[in-house]
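Coordinate analysis (summary)
Each chain is listed here by its residues.
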Amino acid sequence: MKSPRAWPASLTALFATPVLAVAGCMTPTPRVAPPSGLYTCPETVTITDAKAGAEIFYTTDDSAPTTSSAKYTGPFAVAATDKVRAIALAPGDKVSHIAEVSYTCRFNRGDFAVLMQQRFALPPPKRPTVFPDVPPTDPIYSAVEAVAPFVDPLVLCPGCALNRNFFPNEPITRAIATIALVRILALRGQVQFLSVAQADVLLANSPDGKQLPPLARQYFATAISRRIIALRPDNRIDMAAHDTRFDVTDVLDRLQTELKPSAGAPQ
Amino acid sequence: MSIHSRRSALAANHRSRTFAMSFISRALFMMALLLVLLCGAISAGAQTCDPSSSCDVEDNAGPIMQGPTTVFLIFWLPSGFHFDSSTTNGDTNYQNLMTRFFNDVSASSYLNTLAQYPGTCGSNIPTAQSCLGAIIAKPLPVDTSAYTQFSSSSVGTANQPLQDSDIQSEVQKLVTQNGITPGINTEFFVFTGAGVQECISAGVCTTDFFCAYHSNAATAAGNSVLYAYMPQVNSISGCGTGNGHSPNNQTAADQEIPVMSHEFFESMSDPLIGGSANNTAWISNDPTSQSAPGEIGDNCDLETGSVQSNGSNVTLNGNPYLVQTIWSNDDDACVLSFTPPIPGPSIEYTIVTGGDDLRGDSSAASALESPAGSVFQNVTLKTQSQAGWDNNSTHVRVFQLNQPQPPPTPSALGNVAVTLTSHDSGLETPDNWNMQSLGMKLRNPNGSIICTSSSSGNPLARLTQQAPTAIFATPPCAPPPSPTAFVSVTINIITGNDNARKDTELWATFSGEPALCLKPSNNADSDGTCNNGGSAKDQNGQQDWGNGNNSTQTFTLATPEALDGGTVSILMIEHNSGFETDDNWDIQGITITGTDSGGNSTVLLNMSVPLNGNNCIARLKGAPNPSSVTYNLSASAPATSNLANPTFGPTPPGSCPQ
């Protein structure tokens, strides 16, 4: 005897969902603004409905929204890389399709300095430092001043006269974040630099890696060997790529468990 | 050096000293802290190096720029762009000030800072200038070609910046156009207009990274092409000195010079940076050092030190300039001068401190012994007032080496002693100092290395109050004799197929010497070099140097000069009557012989081409055309001496259009 055919799980779930109230027309899909993209967070999100009287429900944790989800009452902020998903339900109508927007928070050099200062409790330099674009009264000045010695652009450009600005509002690049992390960890005794010869071997197939100055090759090869960064699928380091907060915190979280500070290492 | 051991550099307060934190000392500490807060130096955003860490640059054995050095200035300024639009002649004034700086920096105490960063720099040296010869500035005609000439996508904006390859192409274009032979003694400074953006690599741009850079490329023939890219820094936020001084009342140009001086000094001491690791000269080696891989300009990025009321911090050849300070190993600081120069053989110390630092209030000295054990020279490695040497930091010092007395020379160097002197305050225990390694290099006056010595251990030596001196044996080294000094020169010049007229005046100028009169003019007053006048003649009784003329004259030098490694410039000065066209003069050959006080002669220059139609080795014309030519003097290669300023085409030797 044939057993009754089971309904697909998705349909089961669908019927179990309160939004499947018996109704007439489908409510228009709500509109989430701004559109998906890279933003300087926190970014204010606004959701509007196309039908008067409709209620809007949304999630920010990547789960599917239901009428049990948070009810939209006004603009709200996203402060981290988020996906906003929303539905609308007008009285007497069916629930709308899901509107979905993804936000990636731009991770600036200033944000990076604050994060590194928080994670590593970097000491201030012996002498106060002047940054034309970060005055001492700026809330992030102490973090910028502490992290600046580790953000050494000379590694990438050994013949350069460097700009005095810190550029706190510019996105942190993969290259600068990597250099800072490696330098901090090296000074804490938590990583050992690869030699130039070892670095050359490791970067032999990396089109942008093998063209770097010798010291930069040591930095990036060391970072790759310690899984601080990984080569892209095409073997590029992709130095100019903009790191996100997620990229950096993910590495820091992992390093925190992998790398135990040496005894007596300064914090 | 283990990374682990570098930890203390991060924790600057982890000193080895015992510091009794009594009430008094706390009070003193608070007072000192207050002083630092009130008076303490403030470093620039680019992180001026803390001298107690590894700020010192080290010798990596790569070449340095050889004196004399020719700087070609390339002003790349398409229509619509300006270096300085504040005045009608702003662009011209800007170009002139850049050129004047390079001419004025020659033989200055500012340039002497480079004397402590020696390297092989020629077969011999000009007297009293160490390895540094004259700096010869050669502005090339302004290039008005569009910034798109090499790549249609590179227009110099933030969205479409020029690329380093564009700068290299511009240099190569002008090298070809002007028949220049690049080399280790030649650098090209490329200037672009205000607002132009450029990237040296992906994400490394003027927009948010650098203010200028120096680099190098290679010609197809394998010659190094040294160049520096100079954006108009006054148009880039974060690239000015921050003080807005303008000693020449040309803000754009005056603010360009600190960055330009940064690049110029770095080029001189580390010209092949960016090349293979083997070519690196003077840089900070420790990969974790605060300034790594910094050169001598990086430790003092955009710092000017004390500025006078007229906005200058140095006076060069009588002219005021605002320049960047330069890192001095010997001073452990950013400086604007270094005296005296190091004209003779030198000894270079590279000392790495181990796990016990050398305190700031301690001093260290070294005694050099002859093989017989007698001390013939004492040098100070660190004064009591200089910053301490942190654990695991590297420090480099260079001193002139006084040859052991009495003669005969050459003599060998015996042991070297290093002594710690502790100057304890009442609250301190005596200082102890661990030396992890000691490297020494002895150099000839021309910078070539006589011998090296390297010792290391863990520690190599521990200096204490009970045993403050460590003695190190050195390999037998023999400082060379002093360079030959010439008291006179004999100059032979063959004129080609275009004469030097009776009314034309000819000079020869050797580096370090006043000009010599080769031929006076019959149509000018005496001028301090030539006794001109209607009946004036050269040593051979000639007024006119006709086609094919062969002139040999001997001159006594004002002071004995090494000459070898120096230059000679031949200058033509017109004194036309109102009815004459410009004079033009072809040089077919030139031979210069130096004679020392013992009567020994040495050929220093011997260049010529057989006469074949209108060819020559140099054609001098009336201004504004090139009216002078400069040759290097070399006892070891007098026939292949490079032409130092072939600013006229076509490339000599070759055809010289009449």
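The notes below deal with the structure included here.

Analysis parameters
- Residues numbered from 1 in each chain as written.
- Chains lettered and ligands numbered in written order.
- Predicted model: local features only at pLDDT ≥ 70, side-chain atom pairs only at ≥ 80, totals over all residues.
- Heavy atoms only, no water.
- Helix = DSSP H or I, 4+ residues; strand = E, 2+ residues; numbered from the N terminus.
- Contact = heavy atoms within 4.5 Å.
- Areas by Shrake-Rupley, 256 points an atom, 1.4 Å probe, with all protein chains shown as cover.
- Salt bridge = Lys/Arg side-chain N within 4 Å of Asp/Glu carboxyl O.
- Buried < 20%, exposed > 50% of the residue type's maximum accessible area, 1.4 Å probe, protein only.
- Expected span 1.5 Å × (residues − 1).
- Lys, Arg positive; Asp, Glu negative; His and termini not counted.
- Polar contact = N/O pair within 3.5 Å; in protein donor to acceptor, adjacent residues only side chain to side chain.
- Axes fitted to C-alpha atoms, helices over the stretch in contact; angles between N-to-C directions.
- Parallel < 35°, antiparallel > 145°, perpendicular 65-115°, else oblique.
- Nonpolar A, V, L, I, M, F, W, Y, C, P; charged D, E, K, R; others polar.
- Core = buried A, V, L, I, M, F, W, Y, C linked by side-chain atoms within 4.5 Å.
- Disulfide = S-S within 2.5 Å.
- Phe/Tyr/Trp six-rings, centres within 6.5 Å; stacked < 30°, edge-to-face > 60°.

Secondary structure assignment for chain A yields 7 helices and 10 strands. The long-range share in chain A, meaning contacts at least 24 apart out of those at least 6 apart in sequence, stands at 67%. Roughly 12,700 Å² of accessible area belongs to chain A as shown, and the carbon and sulfur atoms make up 56% of that amount.

On to the pattern of salt bridges, then. Tallied over the entire structure, the rule returns 24 salt bridges over all chains. B:R397 is the salt-bridge partner of B:D56, the closest N and O atoms lying 3.0 Å from each other. Placement of B:D56 in the loop between β1 (43-44) and β2 (58-59) and of B:R397 in strand β19 (residues 394-400) is noted, with a sequence separation of 341 residues between them. On the basis of relative accessible area, B:R397 is assigned to the buried category, the value being 2%. A salt bridge links B:R619 to B:D586; the shortest N-O distance between them is 2.8 Å. Of this pair, B:R619 sits in strand β32 (residues 618-621) while B:D586 sits in strand β29 (residues 584-596), and the two are 33 residues apart along the sequence. Judged on exposure class, the residue B:R619 and its partner B:D586 are both buried. Linked through salt bridges whose partners overlap, the residues forming this network are A:D62, A:K83, A:R85 and A:E100.

Taking 1.5 Å per residue as the helical rise, helix α3 (residues 90-104) of chain B with its 15 residues ought to reach 21 Å, and the 21 Å between its terminal C-alpha atoms agrees with that figure. Considering only its buried residues, α3(B) is in contact with β3 (69-76), β4 (135-139), β6 (186-192), α5 (251-269), β12 (314-316) and β13 (319-321) of chain B.

Turning our eyes to something else, we now look at the environment of A:R232. Residues and elements named next belong to chain A. Here R232 shows up in the loop between α6 (214-225) and α7 (245-258). For R232, a relative accessible area of 28% corresponds to the partly exposed category. Placed 26 residues apart in sequence, R232 and S206 show a C-alpha to C-alpha distance of 9.2 Å. Excluding its chain neighbours within four sequence positions, the residues that come into contact with R232 are R174, I237, D238 and A241.

Moving on: the side chain of B:K519. Residue and element names in this part refer to chain B. With respect to the element layout, K519 can be found in strand β26 (residues 516-519). Buried and without a salt bridge, K519 has D544 as its closest oppositely charged side chain, separated by 6.2 Å. Separated by 2.7 Å, the side chain of K519 and the backbone oxygen of T504 make a polar contact. Reaching out from K519, the side chain makes a polar contact with the backbone oxygen of Q543 at a distance of 2.7 Å.

So, about the packing of helix α4 (residues 174-187) of chain A against α6(A). Residue and element names in this part refer to chain A. One can describe the packing of α4 onto α6 by two numbers: an axis separation of 9 Å at closest approach and a directional angle of 80°. In terms of their interaxial angle, α4 and α6 are classed as roughly perpendicular. Contacts from A175, T178, I179, V182 and R183 in α4 reach Y219, F220, T222 and A223 in α6. Along the lines of polarity and charge, the residues of the contact of α4 with α6 split into 6 nonpolar, 2 polar and 1 charged.

The omega torsion across A:A33 and A:P34 is -5°, close enough to zero to call that bond cis. Position of A:P34 among the secondary structure elements: in the loop between β1 (31-33) and β2 (37-40). The omega torsion of the bond from B:N458 to B:P459 falls at -5°, within 30 degrees of zero and hence cis. Mapping B:P459 onto the fold places it in strand β22 (residues 449-463). A positive phi angle is found at A:R227, which is not glycine, with a value near 60°. Within the element layout of this structure, A:R227 appears in the loop between α6 and α7. When its relative accessible area of 47% is taken as the criterion, A:R227 is described as partly exposed. Of note in this structure, A:N235 is not a glycine but carries a positive phi near 75°.

So, on to the environment of A:F150. Relative to the helices and strands, A:F150 is located in the loop between α3 (141-147) and β10 (160-162). Between the C-alpha atoms of A:F150 and A:R183, which are 33 residues apart in sequence, the distance is 6.0 Å.

Moving on, we come to the nonpolar core. In this structure, A:F112, A:L156, A:F220, A:I228 and B:F188 are the most contacted members of the largest nonpolar core, which totals 80 residues. No other element matches the 11 residues that α4(A) contributes to this core. Those residues in contact with A:I228 that sit more than four places away from it in its chain are A:L181, A:V182, A:L185, A:A223, A:V251, A:R254 and A:L255.

All names here are of chain B. A complete count under the given rule lists 5 disulfides over all chains for this structure. Put simply, C199 and C205 are joined by a disulfide, and their sulfur atoms are 2.0 Å apart. Its S-S torsion of about 100° marks the bond between C199 and C205 as right-handed, since a negative value means left-handed. Like C199, the residue C205 is buried in the burial classification. At a sulfur-sulfur separation of 2.1 Å, the disulfide partner of C300 is C334. With the S-S bond torsion at -95°, the cross-link from C300 to C334 turns out left-handed. Here C300 is found in the loop between β11 (282-283) and β12, whereas its partner C334 is found in strand β15 (residues 333-335), with 34 residues between them in sequence.

Here we take up the packing of aromatic side chains. All names here are of chain B. Here the structure, examined in full by the defined rule, presents 28 aromatic pairs over all chains. Each ring, one from F81 and one from Y147, has its centre 4.8 Å from the other, and the planes form 75°; the classification is edge-to-face. Taken together, the residues span a long stretch of sequence, with F81 in the loop between β3 and α3 and Y147 in the loop between β4 and β5 (162-163) at a distance of 66 residues. A relative accessible area of 3% places Y147 in the buried class. Between the aromatic rings of Y110 and F265, the centroid separation amounts to 4.5 Å while the plane-to-plane angle is 45°, which identifies the pairing as tilted.

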